[in-house]
Every structure is written in C-alpha cells, then in structure tokens.
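# Report on the structure
Now for the letters of each chain:
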Amino acid sequence: VLRCLGIPTRVITNFNSAHDSNLNLSIDKYIDMSGKTLHLTEDSVWNFHVWNESWFTRRDLGSFYDGWQVLDATPQEKSKGIYQCGPASLRAIKEGDVNLDYDSPFVFAAVNADCVTWLRYSKKRKERIYSNTRKIGKRISTKAVGNNSRVDVTANYKYPEVKEFLFGIPYSKYKNSLMDDRKILVTAV
C-alpha cells in the first residue's frame, strides 16, 4: 500500500529474531537447581521474523530520525492497547534510543537483545549463569532491487559485535601477588 502511495518501502527479514515480551531488552530463560527449564517468561527467539521499512521524514522526532522506519504488520504484542508496531526509526534502533515512542524498545530487542540464562534459587534470589550477546539479529536482509539476490542490512540496525579473544597468563606469573583483598585487572590494548 505504501509503495502505491509513492513511499519507498522494502521487506526486511531478521534471522534469530527476539520476541521480548516484557521490554527488558533481554531474552530470559530460567532454570532450577536441577537444570529444568522454568516457564516464567513469554520471551522467545524465532528463526526469523519479517517486517517492512518505509522512508519517512520524522517531524515528530526530529530530522536526526528521518529515513527508514520499521513497520510491522504482524506484531505479537499490543502497543498502546492495539496490535501495532512502528513506525520505529531505524536510526533510533541502531543508536539504542529505546525511550522513543513507536515501539523502539521492542524493535531494538528484536535485533539486539541479549539471551540470558538465570539460575533461580527462590522467588527472591536468582543468579545469571550465562549470557549470549551475539545470537540475536544474525543476518538482517532485504531483496536487491532488480534481481533476487540478498542484501545484508545488518549494519543499518546495529554496530558490529565486539570480537572476543582469548589469552592466557600462566599461574606462576601472578601466584605470589594473590591475596584475599586483591583482584587482578587485565587490560587488553
């Protein structure tokens, strides 16, 4: 419909798409002491999810947020009492401006949430035991103009993930400096 009105619009596919039901920007999984999954949240990760982007001028948010806007015609959560999503500024999503209207936190989580596993000891006590910051929004794509090839638009939605690296320090190098009241700080340059 938007294309018929002359508004540039394209379809976007997000692989490993998060569904953050409580808007805490993470996909939480809870387990008990035996490792059994506890069903305490509606959060989930979908293999993929599809939405549209359309090109708008944003007088309501300011020109910084002009450009591609996310519109989801198949939202699974209510926004302001009805099933709707967007228009969320793509620039706001990339910059992490999750305090803006039009479902910015929901879209941000869909492409950039952390997957966190919690060990639940009791109703009042839990411990984070695992976090995966790279699982969500693995490949965000659209179709190329004029042919059927895939165009990767992941960099439009999020900054590159920080690369992890491993290094080792032999115990013999620091064993004499260990005391109960000291911690070792290692900085990589």
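Notes on the structure in this doc start here. (Residues numbered from 1 in each chain as written. Predicted model: local features only at pLDDT ≥ 70, side-chain atom pairs only at ≥ 80, totals over all residues. Heavy atoms only, no water.)

Turning to the sheet that holds strand β9 (residues 114-120), a few remarks are in order. Reading across the sheet, the four strands line up as β3-β2-β9-β10 and stay open at both edges, with mixed pairing between neighbours. In this open sheet, the two strands that pair with only one neighbour each are β3 (37-38) and β10 (126-132). Relative to β10, β9 runs antiparallel, the two being bridged by six bridges. Residue pairing across strands places R120 opposite K126, the latter belonging to β10. (Pairing = 2+ DSSP bridges. Helix = DSSP H or I, 4+ residues; strand = E, 2+ residues; numbered from the N terminus.)

All right, on to the packing of aromatic side chains then. Tallying each qualifying case throughout the model produces five aromatic pairs. Measuring from centroid to centroid gives 6.5 Å for Y30 and W118, while their planes differ by 20°, and the two rings are stacked. Separated by 88 residues along the polypeptide, Y30 in strand β2 (residues 26-31) and W118 in strand β9 bring together distant segments of the chain. This pair shows no difference in class: Y30 is buried, exactly as W118 is. Between W55 and W68 the ring centres are 5.3 Å apart and the planes differ by 90°, which places this aromatic pair in the edge-to-face class. Of this pair, W55 sits in strand β4 (residues 44-56) while W68 is found in strand β5 (residues 67-71), placing the two residues 13 residues apart along the sequence. Here the basic side chain of K94 rests over the ring of Y159, its NZ or CZ set 4.5 Å away from the ring centre. Lying over the aromatic face of Y121, R125 brings its terminal NZ or CZ to 4.0 Å of the ring centre. (Phe/Tyr/Trp six-rings, centres within 6.5 Å; stacked < 30°, edge-to-face > 60°. Buried < 20%, exposed > 50% of the residue type's maximum accessible area, 1.4 Å probe, protein only. Lys NZ or Arg CZ within 6 Å of the ring centre and 35° of its normal.)

Right, let's get into the pattern of salt bridges. Evaluated as defined, the whole model comprises three salt bridges. Its salt-bridge partner being R58, residue D60 comes within 2.9 Å of it at the nearest N-O pair. The residue D152 makes a salt bridge to R150 at a minimum N-O spacing of 3.1 Å. With relative accessibility at 45%, the residue R150 sits in the partly exposed group. (Salt bridge = Lys/Arg side-chain N within 4 Å of Asp/Glu carboxyl O.)

This part takes up helix α2 (residues 104-112). Burial analysis of α2 places eight of its nine residues in the buried class, which makes it a mostly covered element. Along α2, the residues that are buried comprise S104, P105, F106, V107, F108, A109, A110 and V111.

Another aspect to go through is empty space enclosed by the protein. What the rule picks out here adds up to one cavity of 30 Å³ or more. Estimated volume of the largest cavity: approximately 110 Å³. Forming the boundary of the largest cavity are 15 residues, of which H49, W51, D72, F106 and A110 lie nearest the centre. When residues of the lining of the largest cavity are traced back to their parent elements, those giving at least two are β1 (9-19), β4 and α2. Split into classes, the residues belonging to the lining of the largest cavity amount to nine nonpolar, five polar and one charged. (1 Å grid on protein atoms, 1.4 Å probe; cavity = no way out; pocket = protein on both sides within 12 Å on 5 of 7 lines; lining within 4 Å. Points joined across faces, edges and corners; volume = space filled by probe spheres on them. Nonpolar A, V, L, I, M, F, W, Y, C, P; charged D, E, K, R; others polar.)

This brings us to the layout of surface pockets. Where empty space is left in the structure can be found by rolling a water-sized probe over the atoms. If you add up the space inside the largest pocket, you get close to 250 Å³. Considering the residues around the largest pocket, the lining is formed by 18 residues, among which I27, D28, K29, D43 and V116 are closest to the centre. For the lining of the largest pocket, the secondary structure elements donating two or more residues are β2, β3, β4, β9 and β10. The element contributing the most residues to the lining of the largest pocket is β2, with four residues. Residues that form the lining of the largest pocket fall into these classes: eight nonpolar, six polar and four charged.

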